[in-house]
Amino acid sequence: MTGNVALPRDGLRRRLSARLTRSPRSRLALLLTAPLLWLGLAYLGALAALLVTALWTTNTFTGEIERVWTLDNLRIVVTDSVYRSVTLRTVGVAALVTVIDAVLAAPVAFFMAKVASPRWQPLLVAAILLPLWASYLVKAYAWRSMFGGGGLIDWAGAPFGIGSPGYGLTATVCTLAYLWFPYMVLPIFAGLERLPDSLLEASGDLGARPGRTLRTVVLPLAFPAVVAGSIFTFSLSLGDYVAVEIVGGTSQFLGNLVYDNIGAANNQPLAAAVGLVPVVVMIVYLFLARRAGALENL
Amino acid sequence: MYLTRTTRIALRIATAVILALGFVPLIVVVVNSFNSDRAFGWPPAGFTLEWWYRAAHNAGLLAALRTSVVVALLSTAVALILGTLAAMSLQRHRFFGREAVSLLVILPIALPGIVTGIALNNAFRTILGVPLSLLTLVVAHATFCVVVVFNNVIARLRRLGGDLEEASMDLGADGFTTFWRVTLPLMRTALLAGGLLAFALSFDEIIVTRFTASQATTTLPIWIMDNLFRPNQAPIVNVVATALVILSIIPIAIAQRLSGDPSGGRV
C-alpha cells in the first residue's frame, strides 16, 4: 500500500489517515485497543479478581466481605468431603458425557463425511444443527417432561417393564449428552472431511481390511478432532448447573454450589473459591488437549 | 475405503436413529403445548389451544420477551464492534502476543459458563461495587458474543485478501474511505451472520445471565426458569418453548446461508 497520493486537501482526518497508512503500528493500536481493553480488563481482570476474592473472607455476623487474606476458603474446597465429592461427581459426569457423545458422534460423523452422498450431506448437517439452535432451556425442559412420572420414557418402557429412573444423575447425564452432542459431531465431521479419501484407498490397496484402515489410519488422524470436540462437551458439562436443577433431582454439581453460595448463603469468597475448581480442571484439560494437537482444530 | 454392504447399512441406520432421537425432545415439547392435560403425561390426553391463548395474554411473559430483545440487541451491537476490530487486527497484522489475543477472544466461551458467571458477578459486586442491572447483563453477554462475530468476520477477511483495498488506496481513497466504501460492504453478510448468531446466543443464555442480571431484569430464559417449577404455569412454558423452537430456526438458517459455514461459526 505504497501509492498513497497526497491530495491537496488538508484536515485532521486526512492527516490521521496518512499517518495510519504509513504506520502499521498505529493502525494496529487503533484496531486492537477497544477489544483488548474490554476482554483484557473486563474478562481477564474479572478472572484475576476471582482469585483475589477467594482469598478473602466473610464476616459470619454481618455477611459483609472482609478483605483479610486467608487460605481458608481454598482449604475448605480442597479438603471438605462435601466439596470433594461434588467435584468428583461433576468431573465424572462431564467425562462420562464426553465419552457417550464421542461414541455416538463417531459413526454419525464418519457416515456424513465419508459415506453419505454430497446431496445428503447438507441435509444431515442441518439435522444436527436444528436441535443445536433450539433453546437450551427448551431442551432441558423437554427431558424433564420425558423423565417425569407418566412421561414418554415410562410409556415407551412399559411394554418391556422398564420405568423412568426419575430425576437424578442418570437423567442429568442423558440431558447433558443430548445438549452437547452437536458440539462433538461437528468438529469430528470437519476433521474427517479434511482427511483425503486417497489415504483410505491407499490403505485398502495395500491390503488393509476396513477394520485395520479404521484403526491405523482414520483413528490416529481423526483423534485431534475428537479431542477438540471433547473440549466443548467437557467444558460445557463441567460448567452446567441449570440442567442439574431441572433434571438432577437432589444431586449437586460445582455450579450449584457456586450459585447457592452467592444466593442463599451470600458467601462470595467461598463461591469464588469453588468457581476456581472448574478453572483449574479446564487449564489441565486444555494443556493435555494441546499436547494431543487439538487446539489447532478448534 | 471399501466398506461391506452390511457396514454401510449399519452406519446408515445408526446415523438415522441417532439424528432422529435428537428431534424427540423437541417434538415432545411441541406436542405438549397443545396437550389438554396439565400433567403432560404421555400419550397426550387431548388437543387444546388454550395455553397458546393464555401465553399471548401473559403480561410478565411479554415484558420478559421485551427485556430479552433489548439485551440481545445491545450485546450484539457491542459484539459487532469488538469482534470486527479484533478480527481485523488479527487478520491484517502480525505482532507479539497475537496468539494470546486470539485465545482471549475464545476464552469466555471455552471456559465453563459458571466461571464467566461467577467471575463477572464477583467483579461487579465485590470489586467494583456496581449493583447488578441491565447494563451489567449486557456487558456479560457482549463478552461471550464477541467470539461468534470474530469467527465470521475473520473467515470472510481470509477469503477476501487485501487486493480490493489496495486498489482503493492506489486510486487515492484514504484509509477511512476505503474502510467505509470497500471493506465494510464486502464484510456486510459476514457481519449480518455474526450479528444474528450473537443475538441468538444472548437471547438463549441462562447460565451467565442468572449471575449478572439484577432481580428486576427478567429475560425470557429467566422467566422460563422462574415458572418451570410452578404447576400452574407449566402449560405456558410449553407454549414459549414451542415458539422458541420455531423462531430459532429462522435466524440460524439465514446466518448459515450468509456465512457459508454450516456451523455458522459457532463451533
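Keep in mind it's a predicted model, so treat the numbers as computed, not measured.

What counts and what doesn't
- Residues numbered from 1 in each chain as written.
- Chains lettered and ligands numbered in written order.
- Predicted model: local features only at pLDDT ≥ 70, side-chain atom pairs only at ≥ 80, totals over all residues.
- Heavy atoms only, no water.
- Helix = DSSP H or I, 4+ residues; strand = E, 2+ residues; numbered from the N terminus.
- Contact = heavy atoms within 4.5 Å.
- UniProt positions renumbered as here; feature names shortened; annotations may be inferred.
- Patch = residues over 30% accessible without salt bridge, like charges linked within 9 Å, V, L, I, M, F, W, Y side chains within 5 Å.
- Areas by Shrake-Rupley, 256 points an atom, 1.4 Å probe, with all protein chains shown as cover.
- Salt bridge = Lys/Arg side-chain N within 4 Å of Asp/Glu carboxyl O.
- Buried < 20%, exposed > 50% of the residue type's maximum accessible area, 1.4 Å probe, protein only.
- Arc of directions from axis to C-beta.
- Core = buried A, V, L, I, M, F, W, Y, C linked by side-chain atoms within 4.5 Å.
- Domains from an automatic or database assignment.
- Expected span 1.5 Å × (residues − 1).
- Bend = angle between axes of the 7 residues up to and from the residue.
- Polar contact = N/O pair within 3.5 Å; in protein donor to acceptor, adjacent residues only side chain to side chain.

Bringing the environment of V93(A) into the picture now. All names here are of chain A. In this structure, V93 sits in helix α4 (residues 81-115). Measuring from C-alpha to C-alpha, the distance between V93 and G150 comes to 26 Å, with 57 residues separating the pair along the chain. Discounting chain neighbours no more than four positions away, the residues touching V93 are L169, V173, L176 and F253.

Further remarks concern the UniProt feature "transmembrane region" (unreviewed entry) in chain A. Residues and elements named next belong to chain A. Per the UniProt annotation, the sites labelled "transmembrane region" (unreviewed entry) are residues 28-56, 91-111, 123-142, 167-192, 213-234 and 270-288. As a span, residues 28-56 carries 93% helix and 0% strand, and end to end its C-alpha atoms are 39 Å apart. As a span, residues 167-192 carries 92% helix and 0% strand, and end to end its C-alpha atoms are 37 Å apart.

With that settled, the discussion passes to a nonpolar patch on the surface. On the surface, a nonpolar cluster with roughly 380 Å² of combined accessible area is contributed by V280(A), V284(A), F287(A) and L288(A). Along the polypeptide, F287(A) turns up in helix α13 (residues 268-291).

Let us now look at helix α8 (residues 163-170) of chain B. Of the positions making up α8(B), those classed as buried are E165(B), S168(B) and M169(B). For α8(B), the arc enclosing every buried residue in end-on projection is 95°, short of the 170-degree limit, so these residues lie on one face. Opposite its buried face, α8(B) presents the exposed residues D163(B) and L164(B), each directed more than 90 degrees away. Of the surrounding elements, those touching the buried residues of α8(B) are α1 (12-22) of chain A together with α4 (59-92) and α9 (175-204) of chain B. A positive backbone phi angle near 105° is found at G172(B), which sits one or two residues after α8(B).

In this section: the nonpolar core. Grouped together as the largest cluster of nonpolar side chains are 159 residues, with contacts concentrated most on Y136(A), L192(A) and V242(A). Among the elements that line this core, the one with the most residues is helix α8 (residues 169-194) of chain A, at 15 residues. Each of domain 1 (15-54) and domain 2 (81-292) of chain A contributes no fewer than three residues to this core. Setting aside chain neighbours within four positions, we find Y136(A) in contact with L179(A), W180(A), D240(A), V242(A), A243(A), D204(B), I206(B) and I207(B).

Looking now at α4(A). Residues and elements named next belong to chain A. Helix length check: α4, at 35 residues, gives a terminal C-alpha distance of 50 Å against a target of 51 Å (1.5 Å per residue), a fit within 8%. Along its length, α4 shows its largest kink, about 30°, at A105, and proline P107 lies within four residues downstream of that point. The N-cap residue of α4 is D80: its side-chain oxygen and the backbone nitrogen of V82 are 2.7 Å apart.

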